[in-house]
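Structure assessment
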Number of protein chains: 2
Amino acid sequence: MHQLLGKMILPAFDNPHSRQNHDACSFEAQGARLAISTDSYVIRPLFFPGGDIGSLAVHGTVNDLAMSGAAPLYLSVGFILEEGLAMETLWRIVCSMRAAADECGVQLVTGDTKVVDRGKGDGIYVNTTGIGVRKKDREIGPKSVRTDDVVLVSGDVGRHGMAIMAQREGLEFESTIESDSAPLHGIVESLLNEGIDIHCLRDLTRGGLTSALVEVSETAKVHVEIDLASIPVHEEVRGACELLGLDPMQVANEGRMAVWVPEIQATRTLELIRKFPAGEKACQIGQVLNKDTGIVTARSEIGVTRVLDMISGEQLPRIC
Amino acid sequence: MHQLLGKMILPAFDNPHSRQNHDACSFEAQGARLAISTDSYVIRPLFFPGGDIGSLAVHGTVNDLAMSGAAPLYLSVGFILEEGLAMETLWRIVCSMRAAADECGVQLVTGDTKVVDRGKGDGIYVNTTGIGVRKKDREIGPKSVRTDDVVLVSGDVGRHGMAIMAQREGLEFESTIESDSAPLHGIVESLLNEGIDIHCLRDLTRGGLTSALVEVSETAKVHVEIDLASIPVHEEVRGACELLGLDPMQVANEGRMAVWVPEIQATRTLELIRKFPAGEKACQIGQVLNKDTGIVTARSEIGVTRVLDMISGEQLPRIC
């Protein structure tokens, strides 16, 4: 998908806005500084521990806006329903979206519903497109990353993907792995309000922490080194990953982000993030060493260093 | 779908914005007057005489914005691709979207691509969400419709649906019926610039002219009477409809709209619409008789009057 976007779709849609290469696109209209982001959700199963396709569709787009520093205001919703979908299922999803929107302080302002033939579609697909306002003029994105920035994560990684995978595969653990699906805009707003000079934000969705780090380093042309031992992974998630031969750093999250800030603000930033339930386990995982390389290296506990690469192909299909 | 929206989704998403009951939702952000609209496109076949799913997805959302009087600026694009879709097919659609966006003067600023398993999905589904700016403060919508307004249509009706249907059914006519798929925002902008006091606009998509008239009359609580003989229908379209037992007034269009304006401006409005290729056959089809009834009556050539009703169920599935 990354290749598809890069080689086919982005060049065809080339313009200064699409060239931003970030989760959300910033633009101005009648003097207002706005951001827009769109995402389709095709996840299986529709309901999973810690969320469902509805709450996910709200959190995901709210988070994409937040990653550009925008405060999310409005969402549009597009449903594609397969003929025969139980009305009760749709109702549960609609109610979940409403509750998630209320929790996030955003309004679902316009919608569209299409019905496709039985056998086409897969129960329900949901598209959400979000509009937010950027209160500050600073650009938050890969191009603002500087040498000597530190890289933080807002919590433990790999939960969402493993919650989905465990349910699909019928795996049982001592406790149920719950998705981390959660809105992140409150944390971002708090950091901005407290004067944190955020250089870049990236939510750790498809491709997980590894993809986020590699994408940002490539775009920013910086060398990031991370300390593998510092990356928080819940014990059950680590166990499930080992069982299935997966790397928790490559598993999708839906309520986690990486944050690039000046080293001098690292401690204060972590204090602020940890005040939020979704940020309790925030910690520093690495730093930007120098410019002009565009790679990520990972240092293991025994001191071995390797270059991280994005996974090609799909490790876990249809998890978001 | 109309019932689904009315009974389930709108009440669950209730807020002053979703209550507008119009193609696009108007809102303000940082003092800017904006509009947003979303639509998913699930049409079969993907390519048809006069367009394809890509150009349709651009025109459709541009038109939804135009119907609120907004000038469309930016579109987001969400693709849901079925595994195994030919890259050549995707490329044709992407190029068609780019060309349609250029023609409309809008930018495709952000996108998302999801791939679903083979057999789920149906080749490709496209969601477009559009952002526009409202230059004038007047509200264009059902609530602005007044007694003594006239009702105009911007061209002949029934082409798009019959173009799709003819291709699906393998019907052959002397000439190919081409879809009317076209952007309408240029016409709307011209009317606003020339000082036409547009009260309401509605594009004649799903459910065709009949649904547009009935929906607006119900919301505006007015009695509209139309003159059946005045409604322009292309000869081939009329023939195809007779063959299939369809009413051209209920067949979807993708480049046609109904316009409610004060009677005194009817002639000037028609002159302006007819300057556009998509508006050459514009004409007056009816008028608003009085308030507080919320019905549409149709007077036939021999003077018989009947009440128009929206079709329930789906006359033509997946034509947009």
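Residues numbered from 1 in each chain as written. Chains lettered and ligands numbered in written order. Predicted model: local features only at pLDDT ≥ 70, side-chain atom pairs only at ≥ 80, totals over all residues. Heavy atoms only, no water.

All names here are of chain B. Spatially, five strands are ordered β1-β2-β7-β5-β6 in an open sheet, and the strand pairing comes out mixed. Edge positions in the open sheet fall to β1 (25–29) and β6 (107–116), since each of these has one partner strand only. Between one strand axis and the next, the sheet turns through 20° on average, direction left out of account. The pairing of β1 with strand β2 (residues 32–41) spans five bridges and is classified as antiparallel. Bridged to Cys25 within β2 is Ile36. (Pairing = 2+ DSSP bridges. Helix = DSSP H or I, 4+ residues; strand = E, 2+ residues; numbered from the N terminus. Axes fitted to C-alpha atoms, helices over the stretch in contact; angles between N-to-C directions.)

Within this structure, the stated rule accounts for three aromatic pairs over all chains. The interplanar angle of 50° and the centroid separation of 4.6 Å between the aromatic rings of Phe27 of chain A and Tyr74 of chain B together place this pair among those described as tilted. With Phe27 of chain A in strand β1 (residues 25–29) and Tyr74 of chain B in strand β5 (residues 70–82), this residue pair bridges two chains. Here the two residues Phe27 of chain A and Tyr74 of chain B agree in accessibility, since each one is buried. One cation-aromatic arrangement involves Arg92 of chain A over Phe47 of chain A; the distance from NZ or CZ to the ring centre is 3.7 Å. (Phe/Tyr/Trp six-rings, centres within 6.5 Å; stacked < 30°, edge-to-face > 60°. Buried < 20%, exposed > 50% of the residue type's maximum accessible area, 1.4 Å probe, protein only. Lys NZ or Arg CZ within 6 Å of the ring centre and 35° of its normal.)

Turning next to helix α2 (residues 53–66) of chain B. Residues and elements named next belong to chain B. Counted at 1.5 Å a residue, the expected span for α2 with its 14 residues is 20 Å, and the 20 Å between its end C-alpha atoms agrees. For α2, a buried count of 14 out of 14 residues is recorded, marking the element as mostly surrounded by other parts of the structure. Structurally, the start of α2 carries an N-cap: the backbone nitrogen of Gly54 is 2.7 Å from a side-chain oxygen of Asp52. (Expected span 1.5 Å × (residues − 1). Polar contact = N/O pair within 3.5 Å; in protein donor to acceptor, adjacent residues only side chain to side chain.)

Quick look at the interface of chain A and chain B now. Across the contact, 67 residues belong to chain A and 67 residues belong to chain B. Buried surface at the junction of chain A and chain B, summed over both partners, amounts to about 5,700 Å²; 66% is from carbon and sulfur atoms. Between chain A and chain B we count four salt bridges in total. Across the contact surface, chain A and chain B share 13 residue pairs in polar contact (both at pLDDT 80 or more). Elements represented by at least two residues in the side of chain A that touches chain B include exactly α1 (2–12), β1, β2 (32–41), β5 (70–82), α3 (87–104), β6 (107–116) and β7 (124–134) of chain A. Broken down by element, the residue count for the side of chain A that touches chain B peaks at 10 residues, all from β6 of chain A. (Contact = heavy atoms within 4.5 Å. Buried area = accessible area lost by both parts, 1.4 Å probe. Salt bridge = Lys/Arg side-chain N within 4 Å of Asp/Glu carboxyl O.)

The subject of this paragraph is the environment of Ile177 of chain A. Residue and element names in this part refer to chain A. Structurally, Ile177 can be placed in the loop between α4 (159–169) and α5 (185–193). Taking the relative accessible area as the measure of exposure, Ile177 reaches 6% and is therefore buried. A sequence separation of 109 residues divides Ile177 from Ser68, and the C-alpha atoms of the two residues are 29 Å apart. If near-sequence neighbours (up to four positions away) are discounted, Ile177 is found in contact with Pro49, Arg159, Met162, Ala163, Glu236, Val237 and Ala240.

For the pair chain A and chain B, the best superposition has an RMSD of 0.0 Å and corresponds to a rotation of 180° with a translation of 0.0 Å parallel to the axis. The relationship between the two copies is best expressed as a two-fold rotation axis. Across chain A, the rotation axis passes nearest the C-alpha of Gly121 of chain A, at a separation of 2.1 Å. (Least-squares fit on C-alpha atoms with pLDDT ≥ 70 in both.)

Residue and element names in this part refer to chain A. Burial of strand β9 (residues 200–203) is two-sided: the residues Cys200 and Arg202 facing one way and the residues Leu201 and Asp203 facing the other way are all buried. In this sheet, strand β11 (residues 257–262) lies alongside β9 in antiparallel orientation, the contact comprising four bridges. Across the sheet, the residue bridging to Leu201 is Val259, located in β11.

The subject of this paragraph is the pattern of salt bridges. Residues and elements named next belong to chain A. Inspection of every chain in the model, using the stated rule, returns 24 salt bridges over all chains. Here Glu215 ties to Arg202 by a salt bridge, and the two come within 2.7 Å at their closest N and O atoms. With a gap of 13 residues between them, Glu215 in helix α6 (residues 208–220) and Arg202 in strand β9 connect regions that are remote in the sequence. What makes Glu215 partly exposed here is its relative accessible area of 23%.

Residue and element names in this part refer to chain B. An ideal rise of 1.5 Å per residue puts 18 Å on 13 residues; helix α6 (residues 208–220) measures up with 18 Å between its terminal C-alpha atoms. Counting buried residues along α6, 10 of its 13 residues qualify, which places the element largely inside the surrounding structure. Among all positions of α6, only Gly208, Leu209, Thr210, Ser211, Ala212, Leu213, Val214, Val216, Ser217 and Ala220 are buried. Turning to α6, the residues buried within the fold contact β8 (149–153), β9 (200–203), β10 (222–227), β11 (257–262), β12 (283–291) and β13 (295–299). Looking one or two residues past α6, Lys221 carries a phi angle of roughly 50°, positive in sign.

As a further point, take the pairing of β10 of chain B. All names here are of chain B. Counting buried residues in β10 gives five out of six residues, a clear majority hidden from the surface. When β10 meets β12, the two strands line up antiparallel, connected through five bridges. Looking at the pairing, Glu225 lines up with Gln287 of β12. As paired elements, β10 and β13 share five bridges and run parallel to each other. Note that in β13 the partner of Val224 across the bridge is Val296.

The next subject is a positive patch on the surface. A surface patch of like charges, here positive, comprises Lys143, Arg146, Lys221 and Lys291 of chain A. As for its position among the elements, Lys291 of chain A is in strand β12 (residues 283–291). (Patch = residues over 30% accessible without salt bridge, like charges linked within 9 Å, V, L, I, M, F, W, Y side chains within 5 Å. Areas by Shrake-Rupley, 256 points an atom, 1.4 Å probe, with all protein chains shown as cover. Lys, Arg positive; Asp, Glu negative; His and termini not counted. Charge placed at Lys NZ, Arg CZ, Asp CG, Glu CD.)

Right, let's get into unusual backbone geometry. With an omega dihedral of -10°, the bond running from Arg44 of chain A to Pro45 of chain A counts as a cis peptide bond. Take Pro45 of chain A: it is sitting in the loop between β2 and β3 (47–48). Despite not being glycine, Asp148 of chain A has its phi angle at roughly 80°, a positive value. Take Asp148 of chain A: it is sitting in the loop between β7 and β8 (149–153). The residue Lys221 of chain B is not glycine, and still its phi comes out positive at about 50°. By the element assignment, Lys221 of chain B lies in the loop between α6 and β10. On the basis of relative accessible area, Lys221 of chain B is assigned to the partly exposed category, the value being 48%.

Bear in mind that shape data such as this cannot, by itself, settle questions of function.
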